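Take a look at the letters that make up each chain.
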Amino acid sequence: MNDILLAVTEAGRMIARLDSALFEIVLLSLRVSLTAVLLASGIGLPLGAAIAVGRFPGRQALIVMLNALMGLPPVVVGLMVYLMLSRAGPLGQFGILFTPSAMIIAQTILIVPIVAALSRQVIEDAWQEYREQLRSLGAGPLTSALTLLWDTRFSLVTIVLAGFGRAAAEVGAVMIVGGNIDGVTRVMTTAIALETSKGDLPIALGLGIILITLVLALNAGAYWIKDAAQRRYG
Amino acid sequence: MLPLVLDQVSFAVSGKTIIDRVSMEITEGPRTIILGPNGAGKSVLMRLCHGLFAPTSGSITWRGAANGRRRQAMVFQRPVMLRRSAVANIVYGLKLAGISPSECELRARDVLDAVGLSGIAEQPARVLSGGEQQRVALARAWALGPEVLFLDEPTANLDPGAAREVESLIGQIRAGGTKIVMTTHNLGQAKRLGDEILFLSQGRLVERTPVDQFFAKPQSAEADAFIRGELPWS
């Protein structure tokens, strides 16, 4: 109980004195995870729509695989990206291991399946309702997919947020490909892991509280916008 | 593009015959009502005519102009409104029909005006009442300038007031020179809106009779039983 009280005080103190190291960590966390969720949405949403509307051999296997990949362990993704980007790896020449770019790549891989699998489900449900009407109006598969992406936009916001939550919360992948280098690749989760292992629980918990607060604020904002828009458009 | 000629058309889903060797000709002029008990295949027959389903055997041909797809439209029992304004719903259909964007907007507003809905043009379509949604759906179909309009139980989900408005709109579309082909459960509506009755029973076209004669003196035992509310198959 005492620890938690200390942690809250510590969190408050870190924020109050505008700790520049803390500020940097928070900013990098946001930059990495938001970029990853943006890239993952760019890949995952069209992929989900294509699988929802398309009929092709191996479709069911692909759906099962995407659903399973939602549970991909971050450390395994980190390890795979590490092997690809390390000096001896196929992409070693770019020299981006232990940089924020590597962390973005790892998190993108981690959340593409989440965005694709969940959006596939949402879009396919809408497709059941829309299919005959769209075909009657002469919409082909591409037009149908784009129409459905737009018409399910409110539900897709929630899915993208789930992806962001996953990215912001994971530690395994960014730890391995980022290396938790102070001032370069240290993000909130890796900092929490480090402080915990050093035994400095108040700082670790303080960081945790800030992380949770940020994620909460972002979700609240998105929910509010979504809710207002949904009430307006039905 | 009329007449529409069906020659020995059958339709089966996983071995179960739904439409059984129907041959008929749908000609310009009379308003055609497809009547029959639940499960007789009314909706399926209409979807076959519209081109949403392909027949398992037999042929469906538009004898007039070669390109039948564009000059026919269909309105479903439950109107599918896209998550955008009423006028945007109509523009959507027109765009798919290949109308230039500037003309789409003009035509959409003209049609809404003609059906007396210009007051709700900017309202989100999915929050309109059921009756208004169905009228927007009719307007969306009518805007395409169809030679034939297929209507699948267009008032089945509506209260009597909204149903009357939809019926009067159907009359207006008919007065504009569009051939009406419609399914209904409602015998009163069949009398009001029909010129000829196609009576289906268990996937077969049992009789085709002018509407007055159908209700006064049906030619088949099935139709006779149906009118008297004796449904031996239920």
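What counts as what
- Residues numbered from 1 in each chain as written.
- Chains lettered and ligands numbered in written order.
- Predicted model: local features only at pLDDT ≥ 70, side-chain atom pairs only at ≥ 80, totals over all residues.
- Helix = DSSP H or I, 4+ residues; strand = E, 2+ residues; numbered from the N terminus.
- Rg over C-alpha atoms; globule rule 2.2 N^0.38 Å.
- Buried ≥ 20, exposed ≤ 12 C-beta atoms within 10 Å, placed from the backbone.
- Contact = placed C-beta atoms within 7 Å.
- Nonpolar A, V, L, I, M, F, W, Y, C, P; charged D, E, K, R; others polar.
- Expected span 1.5 Å × (residues − 1).
- Arc of directions from axis to C-beta.
- Pairing = 2+ DSSP bridges.
- Axes fitted to C-alpha atoms, helices over the stretch in contact; angles between N-to-C directions.
- Parallel < 35°, antiparallel > 145°, perpendicular 65-115°, else oblique.
- Left-handed = near helix turned anticlockwise from the far one by under 90°.
- Core = buried A, V, L, I, M, F, W, Y, C linked by C-beta atoms within 7 Å.

A. The overall build of chain B, seen in detail. Counting its secondary structure elements, chain B contains eight helices and nine strands. Relative to the 2.2 N^0.38 estimate, which gives 17 Å for 234 residues, the radius of gyration of chain B is 18 Å and therefore close to what a compact globule would have. Counting only C-alpha atoms, chain B reaches 50 × 40 × 35 Å along its principal axes. Residues counted as buried form 42% of the 234 residues belonging to chain B.

B. Spotlight on the overall build of chain A. Scanning chain A from N- to C-terminus turns up 10 helices and zero strands. Each helix (α) and strand (β) of chain A, taken in turn from the N terminus, gives the series α-α-α-α-α-α-α-α-α-α. Each of the three principal axes of chain A carries a C-alpha extent, and together these read 65 × 50 × 25 Å. In chain A, which comprises 234 residues, the proportion classed as buried is 40%. Partitioning the intrachain contacts of chain A with sequence separation of at least 6 by distance along the chain shows that 79% fall at a separation of at least 24.

C. Inspection of the interface of chain A and chain B at higher detail. Contact with chain A, which involves 15 residues of that partner, is made by 15 residues of chain B. Of all the secondary structure elements, the ones that give two or more residues to the side of chain A that touches chain B are helix 5 (100-136), helix 6 (141-151) and helix 10 (201-233) of chain A. With six residues, the top contributor of residues to the side of chain A that touches chain B is helix 5 of chain A. By residue class, the composition of the side of chain A that touches chain B is four nonpolar, six polar and five charged.

D. Here's a closer look at helix 5 (residues 160-175) of chain B. Residue and element names in this part refer to chain B. In this model helix 5 runs 22 Å from its N-terminal to its C-terminal C-alpha over 16 residues, within 8% of the 22 Å that 1.5 Å per residue would give. Of all the positions in helix 5, only Val166, Leu169, Ile170 and Ile173 are classed as buried. For helix 5, the angular spread of the buried residues around the axis is 105°, confining them to a single face. Opposite its buried face, helix 5 presents the exposed residues Pro160, Gly161, Ser168 and Ala175, each directed more than 90 degrees away. Elements that come into contact with the buried residues of helix 5 comprise helix 4 (130-142), strand 6 (148-152), strand 7 (179-183) and helix 6 (187-193).

E. Spatial organisation of the sheet that holds strand 8 (residues 196-201) of chain B. Residue and element names in this part refer to chain B. If you walk across this open sheet you meet the six strands as 5-6-7-3-8-9, and the pairing is mixed. The outermost strands of the open sheet, each flanked by one partner alone, are strand 5 (72-75) and strand 9 (204-210). The sheet shows a mean angle of 15° between the axes of neighbouring strands, taken without regard to direction. Bridge analysis of strand 3 (residues 32-35) against strand 8 gives four bridges, and the strand direction is parallel. Paired with Thr32 across the strands is Glu196, a residue of strand 8. Contacts from helix 4 reach strand 5 and strand 6 within the one sheet, and its direction differs from that of strand 5 by about 170°.

F. Structural context of the sheet that holds strand 2 (residues 16-26) of chain B. Residue and element names in this part refer to chain B. If you walk across this open sheet you meet the three strands as 2-1-4, and the pairing is antiparallel. The outermost strands of the open sheet, each flanked by one partner alone, are strand 2 and strand 4 (57-62). Taking each pair of neighbouring strands and ignoring which way they run, the sheet shows an average axis angle of 20°. With seven bridges joining them, strand 1 (residues 4-13) and strand 2 adopt antiparallel strand pairing. Each residue of the ladder has a partner; that of Val13, found in strand 2, is Lys16. Across the sheet, helix 1 (residues 42-50) touches strand 1, strand 2 and strand 4, and the angle it forms with strand 2 is around 55°.

G. Fine view of the environment of A:Ile51. Among the structural elements, A:Ile51 can be located in helix 2 (residues 20-53). Apart from residues lying up to four places away in sequence, A:Ile51 is in contact with A:Arg59, A:Leu62, A:Ile63 and A:Arg120.

H. View of the packing of helix 4 (residues 74-85) of chain A against helix 5 of chain A. Residue and element names in this part refer to chain A. Between helix 4 and helix 5, the least distance of the axes is 9 Å, while the angle of their chain directions is 130°. In terms of their interaxial angle, helix 4 and helix 5 are classed as oblique. For the crossing formed where helix 4 meets helix 5, the hand is right-handed. Residues Pro74, Val77, Gly78, Val81 and Leu85 of helix 4 touch helix 5, and the partners they reach there are Ala102, Ile105, Ala106, Ile109 and Leu110.

I. Local environment of helix 4 of chain B. Residue and element names in this part refer to chain B. Taking 1.5 Å as the rise per residue, helix 4 with 13 residues should run 18 Å; its terminal C-alpha atoms sit 18 Å apart, in good agreement. Summarising burial for helix 4: 10 of the 13 residues are buried, a large majority. Elements in contact with the buried residues of helix 4: strand 5, helix 2 (86-96), helix 3 (101-114), strand 6 and helix 5.

J. How the structure looks around the environment of A:Gly78. Relative to the assigned elements, A:Gly78 resides in helix 4. Not counting chain neighbours up to four residues away, the residues in contact with A:Gly78 comprise A:Ala106, A:Gly172, A:Ala173, A:Met175, A:Ile176 and A:Val177.

K. Inspection of the pairing of strand 8 of chain B at higher detail. All names here are of chain B. For strand 8, a buried count of five out of six residues is recorded, marking the element as mostly surrounded by other parts of the structure. Taken together, the six bridges between strand 8 and strand 9 define a ladder with antiparallel strand orientation. Residue pairing across strands places Ile197 opposite Thr209, the latter belonging to strand 9.

L. Molecular detail of unusual backbone geometry. For A:Asn180, which is not a glycine, the phi torsion comes out positive at approximately 55°. For A:Asn180, the position within the fold is in the loop between helix 8 (172-178) and helix 9 (188-198). The exposure class assigned to A:Asn180 is partly exposed, which follows from the 18 C-beta atoms found within 10 Å. Unlike most non-glycine residues, B:Glu153 shows phi in positive territory, near 45°. The residue B:Glu153 is located in the loop between strand 6 and helix 5 in this model.

M. View of the nonpolar core. Residue and element names in this part refer to chain A. Formed by 131 residues in total, the largest nonpolar core has its most connected members in Ala106, Val115 and Val177. The element contributing the most residues to this core is helix 5, with 18 residues. Not counting the four nearest positions on each side in its chain, Val177 is found in contact with Gly78, Val81, Tyr82, Leu85, Leu97, Ala102, Met103 and Ala106.

Keep in mind these numbers describe shape, not what the thing actually does.
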